[in-house]
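# Breakdown of the fold
Listed below are the residues making up each chain.
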Amino acid sequence: MLELLKKTNIDFIGKKYITILVSGSLMVLGIIAIVALAMGKANLGIDFAGGTTVELKFESPVKLQSVRAALDKGGLKDVSLQDIPSENRVIISTKRSEGDINKIAHDITDAVSKNLSGAKYVVDLTTSIGPKVGSKLRSDAAKAIIMAALGILIYVAFRFKFQFGVGATIATFHDVIAVLGIFFILGKEINLIVVSALLTIAGYSLTDTVVVFDRIRENLRIQSKEPIPNVINRSINEVLSRTIITSFTTFLAALALFVFGGDVIHDFAFAILAGIIVGTYSSIYVASPVLLLWKKNRPFAKK
Amino acid sequence: MKKNVFWRFLLIGVTVIVAVVFFLPNTPLFKHMPQWWQKSMPHKGVVMGLDLQGGLHLVYEVEGDKAVQTNLKRFAYLIKSAAEKKNMKTDVNVNGLNIEISPSSPEIASMIRANYPILETVSTGQKLVLKMSDKESAKIRDNAADQALETIRNRIDQFGVAEPSIQRQGENEIVVELPGVKDPGRAIDLIGKTAQLEFKLVDDESPVAAQLPSAIQPGDEDSVLKQFADKIPAGDQILFERKLNSETGIVRKVPILLKKEAVLTGDSLSEAKVSLDSRFGEPYVSIAFNAEGAKRFEEITGANVKKRLAIILDNNVYSAPVIQEKIAGGSAQITGNFTMDEAKDLAIVLRAGALPAPLKMLQNVTVGPTLGSDSIKAGKIAGIIGTLAVILFMFIYYKMSGLIADFALVLNLILLFGAMAFLNATLTLPGIAGVILAVGMAVDSNVLMFERIREEIRAGKPARSAVDSGYDKAWWTIFDSHVTTLITAAVLFQFGTGPIKGFAVTLSLGVAINLFTALIGTKSIFDLITSRYNIKKVSI
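Residues numbered from 1 in each chain as written. Chains lettered and ligands numbered in written order. Predicted model: local features only at pLDDT ≥ 70, side-chain atom pairs only at ≥ 80, totals over all residues.

## Describing the sheet that holds strand β10 (residues 236-244) of chain B
All names here are of chain B.
- The mixed open sheet is built from 6 strands, whose spatial order is β11-β10-β16-β15-β9-β12. Two strands close off the open sheet at either side, each with one partner strand: β11 (251-259) and β12 (264-265).
- Bridging between strand β9 (residues 197-201) and β12 involves 2 bridges; their strand directions are antiparallel. Pairing of F199 across the sheet is with L264, part of β12.
- Where helix α9 (residues 221-228) meets the sheet, it contacts β10 and β11, and its direction lies at approximately 150° from that of β10. (Pairing = 2+ DSSP bridges. Helix = DSSP H or I, 4+ residues; strand = E, 2+ residues; numbered from the N terminus. Contact = placed C-beta atoms within 7 Å. Axes fitted to C-alpha atoms, helices over the stretch in contact; angles between N-to-C directions.)

So, in structure tokens, the structure goes:
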């Protein structure tokens, strides 16, 4: 038997100061991110903020400054540029979305063709989102997050006793907020695809939590003399290797996406990777300690 | 027990064959299948999303207000002529979504009440203000959206796109999806053109006409309009003609003073086609009027010989030739330095008819063909590497049992692609990500079972019962963890746009199939082995 972890006996519950420190700072970050999002200060993708992105693929390497100069000459000043030198790709975006959105994309390609003579390129991607669509997608995303959270809450409440439901829900929110915070501090763009990743994390983070909870529930049924913190600790130790291995296989797949999946999917894969790590951590250090809030009585000893 | 195992293997075998049959169209193998197979077996397979095959995703808003306005203008005209007939002097104007009549009188008010019940009074007094009833204006907006959809469909059909999708969304939005379009700019121009064709008489007699500059730079139109705003005679307007010097390539705009009222419109057309000028080989569009239009055209040309008649599309003058003589037969030409494509597209929009109201673009996602194929390539590489990494890890960590899990994983992939092909689901780039994530999650269930089995073995149980009780105990854990993922996938499907929907589809199918492969697939192999051979030790 090849074992990643031999029989462990780590005192997870006793390390609550580490938990409070790590989770506390992640939560603060996440909450700052949410406030910033609400105030429109965060790095919102154009699918939420409205605007235009044009992705140009040049035949030969091109300097970013010269593209900027070409756009400047064409009177386009409020643009942000990003390049992927390995693919001769330049991504030009602007948050401008008033008037005829089709014209903005036109203006960008016109300015490049006119003022950057000799540079041959193809337009790989044009995305123009009017303000109306942007605000609709924003509210749709918010609705989706609330609906997913409610759905999970209802399911967990139905399958587990109340305390477990609370623990699982807190852990789920913890994970989503933490990943949002990580994105915020890294200055990464929050767009539709990242929100989908957050929802996926919400669903997946429960996998680990359920694994741990199942075992706690089982052990609580058998044991009646052992103090609850010990039961929880032993349960976590018992399932530690499977918690880590299930996360690890999904982590492997997401890592392949992150490295080889191309830049469209890059941030998505990053969010999933972060979500898997935070989710594994939270099922051990967040979800289970929450159960102890009810340690005085043992209403969930039997089911 | 043995018999039970046999049936389960048969079930697995049949589902695999069915999956392969459905997915076959997506493989190069399909072309080598016999004729009868290509005809009568499933032939559509998985559909590639716009982000993978390239194409356009456009969302337009039909400006219903403009359609209401057009109707109000018609009523204003009717009211004015009715008032004139009764020798009542009054001004009737459309202002925004209101008709304003001033000065008003009780006779006019009662005439309107009697004849136009769909007009509601907003305010009375010196000035009578009317508006379209809410019910009627809702009907006009709805009709406008329906008509716009029909017109766009006609235009696209004539333009020639393989599998277009044109749908209404909400109250006044139209979603157009055009996969694989080579020239997106041309397609967008074709759809967005209102294509309101009008014939208007040029007012060369007014002294103002002589004061107009002979030609201006493009972009200076507004300053000319401003300069002449007070001088334009009542009932006249200034529009511009685009003039291209074919030798120098310089474009100039020529202001023309016209009578506001159109003497003939595109509604009277019966045909529009591209023809070539016999002398220069330059393309132009020849149009033919229907019977009524032809009669009207003959009257107009007969009554206005030596005057100029302007041909106007969407407020741009294409040409303003002098009428040499009365023109019978009901045909005319639209010239204007067209390229062949421009002439073709103009003929298409004229044939398909005008949009009932202008369109406003709300969203445009145009994916070039190379980006799509790059994405597929990257997705394939990530998928293969991710799958191999997981397969290798499982084998190293769980030995023979790991191989069984790997078998389940491959089974999972085959069934997933089969199911997508069966549903003719759309594969998008996030969808590929969903497949890869599903691969990672697929072995989760096996890990849960294997760990459980290991525990049972440690507890000293014999191989066979260790496997059985390991499965039994892991079942609910597996079920719970899958259902929560399904919940979020369902939400994603509900709210997501195209690409995200693709992710939700592959993820949820992957997770659902995973329940099947883990519980039927892996278990059957274990059962087969433990029942056929008297296994003492599980390689796990």
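## Structural notes on the domain arrangement of chain B
- Partitioning chain B into domains gives domain 1 (2-52 + 369-532), domain 2 (64-137) and domain 3 (197-337).
- The gap between the C-alpha centroids of domain 1 of chain B and domain 2 of chain B is 67 Å. (Domains from an automatic or database assignment.)

## Digging into unusual backbone geometry
All names here are of chain B.
- In this structure, P103 follows S102 across a cis peptide bond, with omega equal to -5°.
- Along the chain, the position of P103 falls in the loop between β4 (98-102) and α5 (106-115).
- Within the chain, A195 stands out as a residue other than glycine whose phi angle is a positive 60°.
- Within the element layout of this structure, A195 appears in the loop between α7 (184-192) and β9.
- Even without being glycine, K306 reaches a positive phi, approximately 75°.
- Summarising the element assignment, K306 is placed in the loop between α10 (291-303) and β15 (309-313).
- Residue K306 is classed as exposed on the basis of its 9 C-beta neighbours within 10 Å. (Buried ≥ 20, exposed ≤ 12 C-beta atoms within 10 Å, placed from the backbone.)

## Section: the pairing of strand β14 (residues 283-289) of chain B
Residue and element names in this part refer to chain B.
- Most of β14 is tucked away: 5 of the 7 residues are buried.
- Relative to β14, strand β13 (residues 269-276) runs antiparallel, the two being bridged by 7 bridges. If you follow E271 over to β14, its bridge partner there is A288.
- Hairpin connection of β13 to β14: 6 residues between the antiparallel strands, including G281 at a positive phi of 70°.
- Two strands pair when backbone bridges link them, and β14 and strand β17 (residues 331-334) are joined in this way by 4 bridges, in the antiparallel orientation. Counted as the bridge partner of A288 is S331 from β17.

## Overview of the interface of chain A and chain B
- On the side of chain B, 56 residues touch chain A, which itself brings 57 residues to the contact.
- Those elements that place two or more of their residues in the side of chain A that touches chain B are α4 (101-115), β4 (121-129), α5 (131-159), α7 (192-222), α8 (228-260) and α9 (263-291) of chain A.
- Take the side of chain A that touches chain B: its biggest share by element is 13 residues, from α7(A).

## What about the domain arrangement of chain A?
- Considered domain by domain, chain A is made up of domain 1 (13-44 + 133-294) and domain 2 (51-129).
- With centres defined by C-alpha atoms, the gap from domain 1 of chain A to domain 2 of chain A works out at 38 Å.

## Overview of the nonpolar core
- Among the nonpolar cores identified, the biggest contains 218 residues, and A:V179, A:L198, A:A254, A:L257, A:A271, B:L416 and B:I436 are the most heavily contacted of them.
- The element that contributes the greatest number of residues to this core is helix α12 (residues 369-422) of chain B, accounting for 19 residues.
- Discounting chain neighbours no more than four positions away, the residues touching A:L198 are A:V176, A:V179, A:L180 and A:A271.
- A:I104, A:A105, A:A111 and A:L116 belong to the second largest nonpolar core, which has 19 residues in total. (Core = buried A, V, L, I, M, F, W, Y, C linked by C-beta atoms within 7 Å.)

## Regarding the sheet that holds β17(B)
Residues and elements named next belong to chain B.
- One open sheet accounts for 3 strands, arranged β13-β14-β17; its pairing is antiparallel. At either end of the open sheet lies a strand with only one pairing partner, and these are β13 and β17. Geometrically, the sheet is characterised by an average inter-axis angle of 25° between neighbouring strands, direction not taken into account.

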